[in-house]
Amino acid sequence: LGLAGMALFDQHLPFLLATGVTIGLGQACTTYAVIYGVIGRNIDASQRSWAMGITAAAGSFGQFLMVPLASTLLHRLDWSTALLALAASALLIAPFAWGLREPTRQSPSPHAPTTDSPTQSAGQALRDAFAHRDYLLLTAGYIVCGFQVAFIGVYLPSYLADQKLSPEVATIALALIGLFNVIGTYAAGALGQRLRKTRILSTIYFSRAVVMTVFILTPI
């Protein structure tokens, strides 16, 4: 709906609602946090890190596949038709959500002792989260991650265009990032089976900070 709205709306408010709200909600509902929740509840702990690495690698392959495809559509069709084609391709995702449907919980045995599950409101969950040191550190890490991802995905293509480079340069750059991220995320997931995840995550963020700094300081 968001992509179709980008193609069809010609007024500011509907366009902003389509791009900022609708696409934002769509991304939030299909992000790794949702998928990992399903995986975490259904995969044995001994294989969980590996399974999450596989999932992240598949998502990165999607970036490697879709960025060149979107660029090709934009060059061969007019921009509105290309957006409608991408909107149609996004509909193909829906049937795959069926594979993430979790099994129905079986009723407990009548001979098993009954225990009432504690209920927790959203406000209580937020208070508990903000009082948890590891949660705050992880959130701070995601802020850095989000800045880096937005910097690359949003500003890099425009910056390269401002530098009079052809659009294909940005397309190849983003596709290569997705391709190598397939390798990196799978490797991180496999290492998570053997090493402490805090060390892996800290190493990744530190390395990314160094690379981003070098990237900014290096001549184009």
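Structure: see above.
Reference entry: report on the structure contained in this document. Small disclaimer: the values here were computed from a predicted structure and weren't measured.

**Structural notes on the overall build of the chain**
Along the backbone of the chain there are nine helices and zero strands. The N-to-C order of helical and strand elements in the chain reads α-α-α-α-α-α-α-α-α. Seen along its three principal axes, the alpha-carbon backbone of the chain occupies a region of about 70 × 40 × 30 Å. Nonlocal contacts in the chain, meaning residues at least 24 apart in sequence, comprise 63% of its contacts between residues at least 6 apart. Surface summary for the chain: the accessible area is close to 16300 Å², and the carbon and sulfur share equals 69%. Between the mean site of the 13 positive side-chain charges and the mean site of the 9 negative ones, the chain shows a separation of 11 Å.

**What about a nonpolar patch on the surface?**
Nonpolar side chains collect at one region of the surface, where Leu 8, Phe 9, Phe 15, Leu 16 and Leu 84 lie side by side and expose about 480 Å² of accessible area between them. Mapping Leu 16 onto the fold places it in helix α2 (residues 12-29).

**Section: the nonpolar core**
Within the largest apolar cluster, six residues are counted, these being Ile 152, Leu 156, Leu 160, Ala 170, Leu 174 and Met 212. Where this core is concerned, the elements lending two or more residues are α7 (133-162) and α8 (167-191). A per-element tally of this core places α7 first, with three residues. Leave out the neighbours within four places in its chain, and Ile 152 touches Pro 157, Leu 174, Ile 177 and Met 212.

**Here we look at the side chain of Thr 171**
With respect to the helices, strands and loops of the structure, Thr 171 is situated in helix α8. Ignoring anything within four residues of it in the chain, the contact list for Thr 171 reads Val 67, Pro 68 and Ser 71.

**Quick word on the packing of α7 against helix α9 (residues 197-217)**
It is the contact of α7 with α9, at a shortest axis distance of 11 Å, that shows an interaxial angle of 35 degrees. Judged by the twist between their axes, the crossing of α7 over α9 is left-handed. Each of Leu 138, Gly 141, Tyr 142, Cys 145, Gln 148, Val 149, Phe 151, Ile 152 and Leu 156 in α7 lies in contact with α9, whose residues at this interface are Leu 201, Tyr 205, Arg 208, Ala 209, Met 212, Phe 215 and Ile 216. Of the residues belonging to the contact of α7 with α9, the class tally is 13 nonpolar, two polar and one charged.

**Some details on the layout of surface pockets**
In this structure, the second largest pocket spans a volume of roughly 300 Å³. As for the second largest pocket, its lining consists of 13 residues, and the residues nearest its centre are Leu 156, Tyr 159, Leu 160, Phe 215 and Ile 220. Listed by contribution, the elements that provide at least two residues to the lining of the second largest pocket are α7, α8 and α9. With five residues, α7 is the largest single contributor of residues to the lining of the second largest pocket. Here the lining of the second largest pocket is composed, by residue class, of twelve nonpolar, one polar and no charged.

**Some points on the packing of aromatic side chains**
For the structure on display, the rule yields two aromatic pairs. Summarising the aromatic geometry, the rings of Phe 61 and Phe 64 are spaced 5.9 Å apart at their centres and angled 45 degrees between planes, so their arrangement reads as tilted. With Phe 61 and Phe 64 both in helix α4 (residues 45-76) and three residues apart, the pair spans about one turn of that helix. Judged by its relative accessible area of 43%, Phe 61 falls in the partly exposed class. The exposure class assigned to Phe 64 is partly exposed, which follows from its relative accessible area of 30%. Consider the rings of Phe 130 and Tyr 135, whose centres lie 6.0 Å apart with planes at 85 degrees: the pair is edge-to-face.

Rules used in this analysis
- Residues numbered from 1 in each chain as written.
- Predicted model: local features only at pLDDT ≥ 70, side-chain atom pairs only at ≥ 80, totals over all residues.
- Heavy atoms only, no water.
- Helix = DSSP H or I, 4+ residues; strand = E, 2+ residues; numbered from the N terminus.
- Contact = heavy atoms within 4.5 Å.
- Areas by Shrake-Rupley, 256 points an atom, 1.4 Å probe, with all protein chains shown as cover.
- Lys, Arg positive; Asp, Glu negative; His and termini not counted.
- Charge placed at Lys NZ, Arg CZ, Asp CG, Glu CD.
- Patch = residues over 30% accessible without salt bridge, like charges linked within 9 Å, V, L, I, M, F, W, Y side chains within 5 Å.
- Salt bridge = Lys/Arg side-chain N within 4 Å of Asp/Glu carboxyl O.
- Core = buried A, V, L, I, M, F, W, Y, C linked by side-chain atoms within 4.5 Å.
- Buried < 20%, exposed > 50% of the residue type's maximum accessible area, 1.4 Å probe, protein only.
- Axes fitted to C-alpha atoms, helices over the stretch in contact; angles between N-to-C directions.
- Left-handed = near helix turned anticlockwise from the far one by under 90°.
- Nonpolar A, V, L, I, M, F, W, Y, C, P; charged D, E, K, R; others polar.
- 1 Å grid on protein atoms, 1.4 Å probe; cavity = no way out; pocket = protein on both sides within 12 Å on 5 of 7 lines; lining within 4 Å.
- Points joined across faces, edges and corners; volume = space filled by probe spheres on them.
- Phe/Tyr/Trp six-rings, centres within 6.5 Å; stacked < 30°, edge-to-face > 60°.

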